[in-house]
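Listed below are the residues making up each chain.
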Amino acid sequence: MEWETVIGLEIHTQLATRSKIFSGAATRYGAAPNTQACAVDLGLPGVLPVLNAEAVRMAVKFGLATGCTIAPMSVFARKNYFYPDLPKGYQISQFELPIVHGGHIDILLEDGKSKRVGLTRAHLEEDAGKSLHEDFHGMTGIDLNRAGTPLLEIVSEPDMRSAAEAVAYMKKVHSLVRYLEICDGNMQEGSFRCDANVSVRPRGQSEFGTRTELKNINSFRFVERAINFEVERQIDVLEGGGKVIQETRLFDPDKNETRPMRSKEEANDYRYFPDPDLLPVELDAAFIETVRGTLPELPDAKQQRFMADYELSAYDAGALTASRELADYFEEAARVGGDGKLAANWVTGELAGLLNREGLEITASPVSATSLGGLLLRIRDNTLSGKLAKQVFEDMCSGAGEADAIIEQKGLKQITDTGAIEKIIQDVLDASPKQIEQYRAGQEKLFGYFVGQVMKATQGKANPAQVNELLKKRLAGD
Amino acid sequence: MHRKTLRELADGLRAKAFSSVELTQAFLDRIQAHDERINSFITVTAEPALEAARAADARRAAGEDGPLLGLPFAHKDIFCTEGVKTSCGSRMLDNFIAPYDATVTAKLKAAGAVMLGKTNMDEFAMGSSNETSYYGPVRNPWDLDTVPGGSSGGSAAAVAARLAPAATGTDTGGSIRQPAALCGLTGLKPTYGAVSRYGMIAFASSLDQAGPMTQSAEDAALMLGVMAGFDPRDSTSVERPLEDYCAGLGNALQGLRIGLPREYFGEGLDGTVAKVIETAIGEYRKLGAEVVDISLPNSHLAVPAYYVVAPAECSSNLSRFDGVRFGHRCENPHDLQDLYVRSRGEGFGAEVKRRIMIGTYALSSGYYDAYYLKAQQVRRLIREDFLKAFEQVDVIMGPTAPGTAFRLGEKSDPVSMYLSDIYTIATNLAGLPGMSIPAGFVNGLPVGLQLIGNYFAEGRLLNAAHQYQQVTDWHRRLPGGF
């Protein structure tokens, strides 16, 4: 039987507010345990939550960027359960009335087609603290620094049909929240986390199969591996005549498998009810418009503009807009260098290769966008051949300075003076009477030999196009 | 000195008839001498009180004045007070020293009020007799075999016995007004949102309000002036201009329209109490008020709705008492489940457990719509009843409680206990201000008249109460032996 995979993702993004969602404590990562937890975060008797307006603004920004409906009134609810790192015995979240709902995100598939993934909702909630099981000799340490950190939980429709689509969606959301500057996207620090709901069904069947929820998949690579494992497992179960049990499963990246969580860790009845300590969040049109005014150019719009303004392919424009930083880099290089296509080739080619090799982010590039633009200028005015330019770029990478300085210092300027090139051609031809004879006898591939000799004589500095043209003329004319 | 109201004591301080230190010492001496009999204090903070009194005297000597500067108070042990045990009447918090001040107590402290100590209360404010306290029952100074009411029973008994000239209380379903009635005091539950809840240990967040428990309406006005006001730390507190609650006290009541809800005078009301209330209404007539019969048709739904909403909220509010970060923790827990089960099992008393279970049930999936949601709908109906009534009348009056103080142990059945708040609960569900003032006695025990006003009509309630207290002296009577 042929099986179809159905995937929906729940992505938790930590909002990049300076203070927590319901208290004034800082949200900085990596502080000593329990140094960023105030009375409210500790859930001391009598304390009350006060909503951080910045978190609301960020959630609305996300909603506007994804075509969501912004709820004129949303409500915070309590999700009740006991856990030592959940100080109040309930998490303040949104249940029936989330702040935004009903948008979509477009992803680019491997075959070049675009696919629309629906967003069910995105809601605001507070993060819990952390339980530290190591270093306490059979006991558990509790660090409440993270407790109360604002999260936006982005819930997709079950619209994805493969692990690759899920990864493309997750990458797109990741890119978007960073464009919007509402999340730092740091997956190692847990700022961007993902749970996946996965099921399979016989192709052609309209009802969904029984799903499992995969937790703890916090990298693009793990999402793909976890889903692929789980899909195979479910197919094995079904083909073996069994039934998939609806359950929460934990992905173990070391063993590359998913396994059921112990029943104790499983969700029970959360007894949601509206939090009486917080008023409903009421947003008027004026507020929403103010937030809309702060939206940056979004990836999809930027991609379209790159295609129109710089005559880039959809693929290149897509690659260059994958992150706001990369897009900004490209645009600066294109502006200084005066040629978008050339800039695109260099950014997606040489520069991307370098960053990949060195494992660097674009923001840590050893060559600045302005410097790369300077190099492009010298290519465009024929100072540098493509080959020389790569040489100069390598020097720039190792910190030798700007392109012009390197060209000056190393005397790498391309020879474009026709007279000078003709003289060198003459020298080469004078030294190669035998080859001329063979060439004229019909061995036209010897043309390359003459070019090579000229380039060798100029240490590669002669303008190749000119060399070609002049050589052809000379060999034909004599 | 102990026979004076806050207002009279403030005048005495201004006239230098006595100092705050002398005043404070006098009340500390009274606590020492009399509290053994009534058990109204959980903690007495004698040294810090005298220190605060010295500071108040210094401020006055430096030329400062203020309505509460140098006056002693008792605080219900539900308010967090920095550096002082804050038990909420529970074993769970017997070891809890609050690291911060509640907004209410901080405001009173800043105004130069002197805290004498923390008063006894029903555990986590759940009770109407002060019998659920971990620290033992409080006795009513008017008859030591009877209860003072609850949950602010310690505050009520302390003021009734004049161990403090006034006290703070909190009211979730009648916890200020019912004990005020049973102890012969003036008690005011303000409009929901008028007084900050920050630092007040939550019972039912959508119903809880702090308020004054005093000897007179004028004292209540003085205290409320300091306690009320917007607090950015409480999202449910209401931002509005500060009010001088004393300003309108002297207004005549000519033309005041008083509504008597027929549902508050029906079955369940003690006949002798009804007579006292009718006499009090007669006084209002003499003061020029007009009396109108009204109906609050959904009154009978108030108690059932309350006993869904309040336990539901408390079941969640009390989840933080888990033995992990503060409060009671069982000995040698062998795993997490054991830590939770024994810490909470040992830390909470029977009534608290009962309400946690009721609330957990009411919020459970499958029951939520039938209980919690239905109760919220009833709340709207009750609110609409009141709003309709206030189109016709200015103040609603009736009995505060169906009877006078009952004997300790008399109401062992929870439901009969719950019915002692039958007339007070609806105002909490609607968020309206309510007041109880002494209106007479039955067999030597005080009877309270309840006044209910429209939203933020505390000024009008205080005015009506004050005018009544100008022509009666019920509020000036003291129990024998104190």
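Residues numbered from 1 in each chain as written. Chains lettered and ligands numbered in written order. Predicted model: local features only at pLDDT ≥ 70, side-chain atom pairs only at ≥ 80, totals over all residues. Heavy atoms only, no water.

Chemist: Even after reading the chapter, I still don't get the overall build of chain A, so can you show me in this structure?
Modeler: Scanning chain A for helices and strands turns up 16 helices and 17 strands. A compact globule built from 478 residues should have a C-alpha radius of gyration of about 23 Å, whereas chain A, at 30 Å, is more than 25% larger. A principal-axis box enclosing the C-alpha atoms of chain A has dimensions of 95 × 55 × 55 Å. Burial status across chain A gives 51% buried among its 478 residues. Once local pairs closer than 6 in sequence are excluded, the contacts in chain A between residues at least 24 apart make up 68%. A total accessible area of about 22700 Å² is found for chain A, and carbon and sulfur atoms account for 50% of it. Positive and negative charge centroids in chain A, built from 55 and 70 side chains respectively, lie 3 Å apart. (Helix = DSSP H or I, 4+ residues; strand = E, 2+ residues; numbered from the N terminus. Rg over C-alpha atoms; globule rule 2.2 N^0.38 Å. Buried < 20%, exposed > 50% of the residue type's maximum accessible area, 1.4 Å probe, protein only. Contact = heavy atoms within 4.5 Å. Areas by Shrake-Rupley, 256 points an atom, 1.4 Å probe, with all protein chains shown as cover. Lys, Arg positive; Asp, Glu negative; His and termini not counted. Charge placed at Lys NZ, Arg CZ, Asp CG, Glu CD.)

Chemist: Any chance you could explain the overall build of chain B here in plain terms?
Modeler: Counting its secondary structure elements, chain B contains 15 helices and eleven strands. Computed over C-alpha atoms, the radius of gyration of chain B comes to 21 Å, within 12% of the 23 Å expected from 2.2 N^0.38 for 482 residues, which places it in the range of a compact globule. Judged by the C-alpha coordinates and their principal axes, chain B covers about 65 × 55 × 45 Å. Contacts spanning at least 24 positions in sequence make up 76% of the contacts within chain B whose residues lie at least 6 apart. Of the roughly 16200 Å² that chain B leaves accessible, carbon and sulfur atoms contribute 52%.

Chemist: In this structure, what is going on with the domain arrangement of chain B? I would like to understand it.
Modeler: As a measure of interface size, the accessible area lost when the parts come together is often cited. Residues and elements named next belong to chain B. Domain boundaries assigned for chain B yield domain 1 (6-255) and domain 2 (300-378). Here domain 1 and domain 2 have C-alpha centroids that lie 27 Å from each other. With both chains or domains summed, domain 1 and domain 2 bury close to 1700 Å², and 65% of this area falls on carbon and sulfur atoms. The tally of links from domain 1 across to domain 2 stands at zero salt bridges. Between domain 1 and domain 2 we count ten residue pairs in polar contact (both at pLDDT 80 or more) in total. (Domains from an automatic or database assignment. Buried area = accessible area lost by both parts, 1.4 Å probe. Salt bridge = Lys/Arg side-chain N within 4 Å of Asp/Glu carboxyl O. Polar contact = N/O pair within 3.5 Å; in protein donor to acceptor, adjacent residues only side chain to side chain.)

Chemist: I keep staring at empty space enclosed by the protein and nothing clicks. Help me out?
Modeler: To find the voids left in a structure, one rolls a probe of water-molecule size over its atoms. Going through the model one piece at a time under the given rule, you end up with five cavities of 30 Å³ or more. Here the largest cavity defines a volume of roughly 160 Å³. Lining the largest cavity we find 19 residues, and of these Val 40, Asp 41, Lys 88, Ile 92 and Glu 126 of chain A sit closest to its centre. Contributing elements (two or more residues each) for the lining of the largest cavity: helix H1 (39-42) and strand E5 (90-94) of chain A. Residues of the lining of the largest cavity, tallied by class, amount to eleven nonpolar, two polar and six charged. There is about 100 Å³ of room inside the second largest cavity. In this structure, the second largest cavity is lined by 14 residues; those nearest its centre are Ala 194, Ala 228, Gly 229, Arg 240 and Tyr 245 of chain B. For the lining of the second largest cavity, the per-class residue count stands at nine nonpolar, three polar and two charged. (1 Å grid on protein atoms, 1.4 Å probe; cavity = no way out; pocket = protein on both sides within 12 Å on 5 of 7 lines; lining within 4 Å. Points joined across faces, edges and corners; volume = space filled by probe spheres on them. Nonpolar A, V, L, I, M, F, W, Y, C, P; charged D, E, K, R; others polar.)

Chemist: Looking at this structure, I do not really get the side chain of His 34 of chain B. What am I missing?
Modeler: Residues and elements named next belong to chain B. Looking at where His 34 falls in the secondary structure, it is placed in helix H2 (residues 20-38). Within polar-contact distance, the side chain of His 34 engages the side chain of Arg 37 at 2.7 Å. Not counting residues within four places of it along the chain, the set of residues in contact with His 34 comprises Leu 163, Gly 481 and Phe 482.

Chemist: Just to check I follow, could you spell out the layout of surface pockets for this structure?
Modeler: All names here are of chain A. If you add up the space inside the second largest pocket, you get close to 1700 Å³. Considering the residues around the second largest pocket, the lining is formed by 45 residues, among which Lys 171, Gly 318, Ala 319, Ala 322 and Ser 323 are closest to the centre. Of all the elements in the fold, those that place two or more residues in the lining of the second largest pocket are strand E7 (104-108), helix H3 (163-179), helix H4 (220-239), helix H6 (299-310), helix H7 (314-320), helix H8 (324-337) and helix H9 (340-358). Split into classes, the residues belonging to the lining of the second largest pocket amount to 19 nonpolar, 15 polar and eleven charged. When residues of the lining of the second largest pocket are sorted by domain, at least three fall in each of domain 1 (3-290) and domain 2 (299-410).

Chemist: Which parts of the structure should I look at to understand the interface of chain A and chain B?
Modeler: Residue-level contacts link 29 residues of chain A with 38 residues of chain B. Buried area between chain A and chain B, both sides added, is near 2800 Å², and the carbon and sulfur share of it is 58%. For chain A, the biggest contributors to the area lost against chain B are Pro 45, Phe 82 and Arg 271 of chain A; these three give 23% of the whole. Those elements that provide at least two residues to the side of chain A that touches chain B are H1, strand E4 (76-80) and strand E16 (273-274) of chain A.

Chemist: Please clarify how the packing of aromatic side chains should be interpreted in this entry.
Modeler: The geometry of an aromatic ring pair comes down to the distance between the two centres and the angle between the two planes. Residues and elements named next belong to chain B. All chains considered together, the criterion is met by 31 aromatic pairs over all chains. Here the aromatic rings of Tyr 307 and Tyr 418 are separated by 3.9 Å at their centres, their planes lie at 15°, and the arrangement is stacked. With Tyr 307 in helix H9 (residues 302-317) and Tyr 418 in helix H13 (residues 414-418), this residue pair connects regions lying 111 residues apart in the sequence. Residue classification places Tyr 307 among the buried residues on the basis of a relative accessible area of 9%. (Phe/Tyr/Trp six-rings, centres within 6.5 Å; stacked < 30°, edge-to-face > 60°.)

Chemist: Could you clarify how one ought to interpret the nonpolar core in this entry?
Modeler: Side chains that are nonpolar tend, in soluble globular proteins, to be buried together. All names here are of chain B. Of all hydrophobic cores here, the largest spans 149 residues; its most connected members are Phe 124, Tyr 284, Phe 386, Leu 449, Leu 451 and Leu 462. Per-element accounting of this core gives the leading share, nine residues, to H9. With residues up to four places along the chain from it excluded, the contact list for Tyr 284 reads Leu 253, Ile 258, Ala 289, Met 397, Ile 437, Leu 449, Leu 451, Ala 464, Ala 465 and Tyr 468. (Core = buried A, V, L, I, M, F, W, Y, C linked by side-chain atoms within 4.5 Å.)

Chemist: Would you take a moment to explain the domain arrangement of chain A for this structure?
Modeler: Partitioning chain A into structural domains gives domain 1 (3-290), domain 2 (299-410) and domain 3 (418-477). A C-alpha centroid distance of 66 Å is found between domain 1 of chain A and domain 3 of chain A.

Chemist: Please clarify how the sheet that holds E5 of chain A should be interpreted in this entry.
Modeler: Each strand in a sheet pairs with another by means of backbone hydrogen bonds, the pair being arranged parallel or else antiparallel. Residue and element names in this part refer to chain A. Strand order in the open sheet made by the three strands is E5-E4-E16, with antiparallel pairing throughout. Each of the sheet's edge strands pairs with one partner strand only, and the pair in question is E5 and E16. In terms of strand pairing, E4 meets E16 through two bridges, oriented antiparallel. Note on E16: the bridge partner recorded for Ala 77 is Pro 274. (Pairing = 2+ DSSP bridges.)

Chemist: Just checking my understanding: could you explain the pairing of strand E8 (residues 114-126) of chain A for this structure?
Modeler: Here is the key point about a regular strand: its side chains alternate between the two faces of the sheet. Residues and elements named next belong to chain A. Here E8 lies mainly inside the structure; ten of its 13 residues are buried. Bridge count for E7 against E8 is five bridges, and the pairing is antiparallel. Each bridged residue has a counterpart across the sheet, and for Ile 105 the counterpart in E8 is Val 117. Taken together, E7 and the strand that follows it, E8, pair antiparallel across an intervening segment of five residues, in which Gly 112 is found at a positive phi of about 90°. Both E8 and strand E11 (residues 150-156) contribute to a ladder of seven bridges, which runs antiparallel. Bridging across to E11, Glu 125 finds its partner in Leu 151.

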